[in-house]
Amino acid sequence: MPAEASLSDRGSYDAVVVGGGVVGLCCAWRLAQRGARVLVLDRAEPPAGASRVAAGMLAPIGELAFGEPELLKMTLAAAGRYPDFVAELEAESELSTGYARHGALHIALDRDEAAELRRVHDLQRSLGLGAEWLPPRRCRELEPGLTPSFNGGVHAPEEAAIDPRRMAAALLAALARAGVEVRAGVEVEGSLIAGERIEGVRLGSGEELRAEHVVLASGAWSGEARWLPESARPPVRPVKGQILILRSLDGEAPCERIVASERVYLVPRPDGRLVVGATTEERGFDTTVTAGGVHELLREAYRLLPDVAEMELVEAMAGLRPGTPDNLPLVGRGGLDGLVLACGHYRNGILLAPQTADTVAALLVAGELHGPLSAADPTRLQSLGHRPSARSLAARGEI
């Protein structure tokens, strides 16, 4: 490994990444490109966790919410970076990711939805974002399959989408070319800790894996990482989301771009599939697909795009989004020396994954946290009264 790229001369690995979702795979790839010796661990076969069921929307403008300026900065920067990232990944892996930049159309189905959508659009305009209010006729010119009666919509032409499963396959191929080992079906059951520093992990088999850094990228399970001391577990909770996959009988999706209403979004795939999502439920780690959830999604999809009634129902799934107390991700140093967090991305994991990987790689190589994700520094939560670090507990004589 070149001297300037080397992270450490100690231990078996420069970094062990715990988590085989898109975020963890991206981090491992970027670190390997910097010359690091990396190992990826997951109890499931990648793509793991929320990555397996994610719709893959890359839509910072349409997902804009009031009171989240730092998140908007992150997502806009991430979306701008995506075309170069996709080109690099597809060239390295020789696989398609299903990336498409066809835009998004957000529809108001009634007057109440129109009033709320106009409020959001006013905010979009005040921030100089690329979105335009369109009357129903103009909306139908873009998407002829829309319901006959609605109150207008917002067109965001720069929005995009990617197929997370194809993206994960491309990342796995790129990791294989880089010589990165990915172990699936393994449980991390303990940490190797010396003083205030984590020096590796212990598997359920008893095998000990030493590393200069351990990257926690376990999505919704990050807050339940019992192999870490309780004080070092990040405040991440699971937020359930049910999602459907439909398929057109003629191989053509019923819409060209992302189409969304207040209650549902539809994401077309190049092969004629349509992703319909997603519920938002505080149900802990429950991943049961319910009749009520499926009914709600199909009902709202039909209200928006009636042609879905003729489509085949291929899959119904439930995943767990990793939520945080302030809806910002946790990217940076954790509560132990050597522990790096790359989790808590909630609804933006696929969008923020490449930028998270860049941030983690820069942190491990240069020792600094900077750039668009600097506001994701986990230390911000200490001032909000959330879990103290092991370092601060030690200073108070509590460990």
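Structural data are supplied above this passage.
Now for a quick tour of the structure. (Residues numbered from 1 in each chain as written. Predicted model: local features only at pLDDT ≥ 70, side-chain atom pairs only at ≥ 80, totals over all residues. Heavy atoms only, no water.)

### With respect to the sheet that holds strand β13 (residues 258-260)
Right, on to step 1. Across the sheet, which stays open at both edges, the eight strands sit in the order β5-β6-β4-β13-β14-β15-β12-β16 with mixed pairing between neighbours. Each end of this open sheet is capped by a strand with a single partner; those strands are β5 (132-134) and β16 (312-323). Going from strand to strand, the sheet's axes swing by 20 degrees on average, the running direction of each strand aside.
Right, on to step 2. Sitting on the sheet, helix α3 (residues 111-126) touches β4 (104-107), β5 and β6 (153-156), and the angle it makes with β5 is about 155 degrees. (Pairing = 2+ DSSP bridges. Helix = DSSP H or I, 4+ residues; strand = E, 2+ residues; numbered from the N terminus. Axes fitted to C-alpha atoms, helices over the stretch in contact; angles between N-to-C directions. Contact = heavy atoms within 4.5 Å.)

### A look at the pattern of salt bridges
Right, on to step 1. On inspection of all chains with the given rule, the structure shows 31 salt bridges.
Right, on to step 2. Across the pair glutamate 212 and arginine 197 runs a salt bridge, and its minimum N-O distance is 3.2 Å. In this pair, glutamate 212 is assigned in strand β11 (residues 208-216) and arginine 197 in strand β10 (residues 197-203), connecting sequence segments 15 residues apart.
Right, on to step 3. The exposure class assigned to glutamate 212 is buried, which follows from its relative accessible area of 13%.
Right, on to step 4. Salt bridges linked by common partners bring Asp163, Arg166, Arg269, Asp271 and Arg273 together as one network. (Salt bridge = Lys/Arg side-chain N within 4 Å of Asp/Glu carboxyl O. Buried < 20%, exposed > 50% of the residue type's maximum accessible area, 1.4 Å probe, protein only.)

### A look at the pairing of β10
Right, on to step 1. Most of β10 sits inside the fold, with five of its seven residues counted as buried.
Right, on to step 2. Note that strand β9 (residues 188-194) and β10 share six bridges and pair antiparallel. The partner of serine 191 across the bridge, within β10, is valine 201.
Right, on to step 3. The turn linking β9 back onto β10 is made up of two residues, and glycine 195 within it adopts a positive phi angle of 65 degrees.
Right, on to step 4. Examined bridge by bridge, β10 and β11 share three bridges and lie antiparallel to one another. Looking across to β11, one finds that arginine 202 is bridged to glutamate 208.

### A look at unusual backbone geometry
For residues other than glycine, phi is negative in most cases, and the peptide bonds are mostly trans.
Right, on to step 1. Geometrically, the link from proline 46 to proline 47 is a cis peptide bond, its omega value of 5 degrees lying close to zero.
Right, on to step 2. Position of proline 47 among the secondary structure elements: in the loop between β2 (38-42) and β3 (57-58).
Right, on to step 3. In this chain, glycine 277 is followed by alanine 278 through a cis amide linkage whose omega measures -20 degrees.
Right, on to step 4. One can find alanine 278 in the loop between β15 (273-277) and α6 (291-304).
Right, on to step 5. Phi angles above zero are rare outside glycine, and asparagine 327 is one such case at about 65 degrees.
Right, on to step 6. One non-glycine residue, tyrosine 346, lies in positive phi territory at about 50 degrees.
Right, on to step 7. Along the chain, tyrosine 346 turns up in the loop between β18 (339-343) and α7 (349-366).

### Things to note about the nonpolar core
Right, on to step 1. Membership of the largest hydrophobic core comes to 49 residues, with the highest contact counts inside it found for Tyr82, Phe85, Met167 and Leu171.
Right, on to step 2. Looking at this core, the elements that each hand over two or more residues are β1 (13-18), α1 (22-33), β2, α2 (69-93), α5 (164-177), β18 and α7.
Right, on to step 3. When near neighbours in sequence (up to four residues on either side) are disregarded, phenylalanine 85 contacts Cys26, Trp29, Arg30, Met167, Leu171 and Pro354.
Right, on to step 4. Of all hydrophobic cores here, the second largest spans 25 residues; its members include Tyr13, Leu41, Leu209 and Cys343. (Core = buried A, V, L, I, M, F, W, Y, C linked by side-chain atoms within 4.5 Å.)

### Let's talk about the environment of alanine 55
Right, on to step 1. In this fold, alanine 55 is placed in the loop between β2 and β3.
Right, on to step 2. A relative accessible area of 5% means that alanine 55 is categorised as buried.
Right, on to step 3. Residues alanine 55 and valine 340, spaced 285 residues apart in sequence, show a C-alpha to C-alpha distance of 27 Å.
Right, on to step 4. Alanine 55 has contacts with Ile162, Pro164, Ile243, Tyr265, Val267, Arg269 and Val275, leaving out every residue within four places of it along the chain.

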